[in-house]
Amino acid sequence: MVAKKLTLDTFELGACYYPEQWPEELWADDFRRMKELNFSVIRVAEFAWTIFEPTEGSFQFDLFDRAIDLAHHFGLKVILGTPTATPPVWLTHRYPEVLNVSNEGVTYHHGMRRHYNYSSPIYRSLCARITREMAMHYHNHPAVIGWQIDNELNCEINVFYAEVDHIAFRRWLIEIYKDLTKLNLAWGAVFWNQSYTSWDQVHLTRPSVSDSPNPHQALDEKRFISDNTISFAKLQADILREVAPLQWVTTNGIFGHLDSHKMTNDLLDFISYDSYPLFATTETSSDLNPLQDRKWGLNLSMVRAISAQFCVMEQQSGPGGWVNRIELPSPRPGQMRLWTYQSIAHGADMLLYFRWRTATMGTEIYWHGINDYHNLPNRRVEEVARVGRELASVGKLIVRTSFKADIAIVKDYDNEWDGELDTWHGPMEKKSLVAWYKSLQYRHIPVDILTYRIETTLEDLLQYKTLVYPHPTIMTDECARLFEDYVSQGGTVIFGCRTGYKNIHGHCNMAAFPGPVAELCGITVEDFTLIKGIYKAPPIKWRDQDNIKATHADMFNDIIRVQSPTVEIVAEYAAEYYAGKPALTKNSFGQGFAWYYGAAFNESVVGEIIKSLKLKPPIEAICDVPWQVEVAIRESKESSFIFLLNYSDQAETLFFKQKVYDILNERWLTGEVEIIAFDVIIIKLERQP
Ligand code: GAL
């Protein structure tokens, strides 16, 4: 599958700017200072519909013409947002049917944003019109390089229950199922008497006695929302392609109930992401060494799974906060720079800080920009100035290089959406994902995310030596065959509990678990239990070790029965009525191996598996790195760039086993080297031809 990605010759750095929120006298000084910081790009207009169309059907561009012309005068490029995330008041007042409605029937009004639905024909036509007007006006403006559709599709809210959404859902279902008998079968309607006899009886999930809707209907609802979101974005993308063919098209963020891969592949040039690592620092956890802001690497890896090189349209540029919710502390000195390089290490080739200056009014008066309200010099501007100087020198070397990983964690949309409702598998996915990501991070083994989709090919899988697919509860035969081929050709796959027991509608298969991959794994599941209440996670005994380690089989236990002589039992349960039964197995299949673990993964289990697999950090021969420092590698045919990112608020010690060049700080390094708190080093190595 060929993915869509950003293709640049130099790194683009910039900021999100809102000319409509500031006195015009400030603009020139703002743009001049941006250039001093080595900025080359701004994003504007994504919330400015009323400025462009103050009353229905009358358009005016003078404010943005002046702002964009001035930006151009200062040598800044411009990304234009289509302003459809915030419909004007005149619009929702005249056409209240465009508003989104909650599942309980509450209509969402002005005050916030994203309070519209994607289904309303009038909203679609008004969005199409403003997009066309803006595209016609700016398609040949020399400063305008590209477009951002809407703003953060499905952020803040990703469910829609307006009357028009029920109608659109029905239409979508008719297209998919054609006749009601098929819908009734897919939704298991015979259970609890839910069989439909005419299409107008069919709805999106509605409130009922408890919040337990029909699970198959709920899964289709999410698929519908994704398709509906994409079709809403397509309306704008098609217009932009037609009217502004020389400018690129993207959108920002990856949010729930949206197949961002499909959207990017079908409509966009590349995906963009909004990166706010501070969110991760406010999570409370009993974990002694939590990932914190380093967890954002996982989010960025999901972005990279869509576009190998991408844009960070919004990068954290200060403390974050809304007036009545969201309270994020100040980045410590050095952290904004660290997070900028975190984004770059993971594949960003263009990055804009959100925002140039903190708003003095509205919900986001505490969502800080680089500049404070007072507009006087501050430490954040100074830090960004340093980044600007550095990228002006190293940016062009790094753009277009690709993140390098030999292992990937596999995810897919069906299981993500099914797991939102199904508490028997949803929570395990999160735990296992973080356990693997963290274990690999702290061992300096770079990891990708691979999203399994119907279009995924064997070549996609064969890019990796090891694939971890934690809990693919829904697993189709096609998916199972693909993984069989992958393992036959030498790949290693690792599955966790609850694999392969549901079909595409979310019905349970009448087959021994793990269903379509039972043969690949050489096992079946003879019994199982949720770990809850009086059931405590049992310890695990590793067969090659005498003692029982402090390793527990968390959350769920599949009790494994070996079915093939090619299976090796790696570990067994050491308590409960299934003590002595296999907990972790490894099947030799073709040239490769298929592992099956009967529980949700935790760090100690993953640690043991990593040891057995002999996975090693790729820079082992070059440098010893403490766990607090992330190692990420971006490569071209000729060079490797090794990013060393210190997330700790302490200085850490690196040990270089060979003499290497740090392009960021322009110095040679060898032996013991201190990396101060939050600092970054980028080593350039020539690759052997
Ligand atoms: C993003 C959004 C921005 C701004 C920022 C801070 O999600 O795209 O418009 O709201 O968060 O809240």
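In this text, all values refer to a predicted model and were calculated from it rather than measured experimentally.

(A) Representation of the sheet that holds strand β7 (residues 310-316) in the model. Read across the open sheet, the eight strands follow the order β5-β4-β3-β2-β1-β10-β7-β6; overall the sheet is parallel. Taken across any chain shown, the strands that pair with only one partner, and hence form the sheet edges, are β5 (248-250) and β6 (272-275). Averaged over all neighbouring strand pairs, the angle between strand axes comes to 25°, with direction disregarded. Direction of pairing for strand β2 (residues 41-44) relative to strand β3 (residues 77-81): parallel, over a ladder of four bridges. Residue pairing in the sheet places I42 in a bridge with V78 of β3.

(B) Seen up close, the UniProt feature "domain: Beta-galactosidase C-terminal" (unreviewed entry) in the protein chain. This chain's UniProt record puts "domain: Beta-galactosidase C-terminal" (unreviewed entry) on residues 629-684. Between the end C-alpha atoms of residues 629-684 the distance is 17 Å, and the span holds 0% helix and 71% strand.

(C) Here's a closer look at the packing of helix α12 (residues 335-345) against helix α13 (residues 379-398). Where α12 contacts α13, the two axes come as close as 9 Å, and the packing angle between them is 25°. The angle between α12 and α13 places the two elements in the roughly parallel class. Two packed elements cross with a definite hand, and for α12 against α13 that hand is right-handed. Facing α12, whose interface residues are Q335, M336, R337, T340, Y341 and I344, α13 presents R380, E383, V384, R386, V387, E390, L391 and I398. Looking at the contact of α12 with α13 residue by residue, the classes come out as seven nonpolar, two polar and five charged.

(D) Molecular detail of the environment of F279. Mapping F279 onto the fold places it in helix α10 (residues 278-281). Spatially, the C-alpha atoms of F279 and R357 are 20 Å apart, while their sequence positions differ by 78 residues.

(E) Molecular detail of the site of the ligand. In the region of the ligand, the neighbouring residues are F47, R113, N151, E152, D274, Y276, E314, W322, F354, E364 and W367. Here W322 contributes a side-chain N or O atom positioned 3.2 Å from an oxygen atom of the ligand. Within the side chain of E364, a nitrogen or oxygen atom sits 2.3 Å from an oxygen atom of the ligand. For the ligand, whose free accessible area comes to 300 Å², the fraction covered by protein is 94%. Here the residues of the shell around the ligand sort into five nonpolar, one polar and five charged.

(F) Just the domain arrangement of the protein chain, in detail. The domain boundaries assigned to the protein chain delineate domain 1 (12-397), domain 2 (407-613) and domain 3 (623-686). If you average the C-alpha positions of domain 2 and of domain 3, the two centres end up 34 Å apart. Opposite the five residues of domain 2 that make contact, domain 3 presents six residues. Interface area, domain 2 with domain 3, both sides summed: about 510 Å², of which 60% is carbon and sulfur. Of all residues in domain 2, Q441, Y442 and H444 give up the largest surface area on contact with domain 3, accounting jointly for 82% of the area buried on that side. Linking domain 2 with domain 3 are zero salt bridges, by the criterion used here. Between the two partners, domain 2 and domain 3, sit three residue pairs in polar contact (both at pLDDT 80 or more). Across the side of domain 2 that touches domain 3, the residue classes tally to three nonpolar, two polar and no charged.

So, how was this worked out
Residues numbered from 1 in each chain as written. Predicted model: local features only at pLDDT ≥ 70, side-chain atom pairs only at ≥ 80, totals over all residues. Heavy atoms only, no water. Pairing = 2+ DSSP bridges. Helix = DSSP H or I, 4+ residues; strand = E, 2+ residues; numbered from the N terminus. Axes fitted to C-alpha atoms, helices over the stretch in contact; angles between N-to-C directions. UniProt positions renumbered as here; feature names shortened; annotations may be inferred. Parallel < 35°, antiparallel > 145°, perpendicular 65-115°, else oblique. Left-handed = near helix turned anticlockwise from the far one by under 90°. Contact = heavy atoms within 4.5 Å. Nonpolar A, V, L, I, M, F, W, Y, C, P; charged D, E, K, R; others polar. Near = heavy atom within 4 Å. Polar contact = N/O pair within 3.5 Å; in protein donor to acceptor, adjacent residues only side chain to side chain. Areas by Shrake-Rupley, 256 points an atom, 1.4 Å probe, with all protein chains shown as cover. Domains from an automatic or database assignment. Buried area = accessible area lost by both parts, 1.4 Å probe. Salt bridge = Lys/Arg side-chain N within 4 Å of Asp/Glu carboxyl O.

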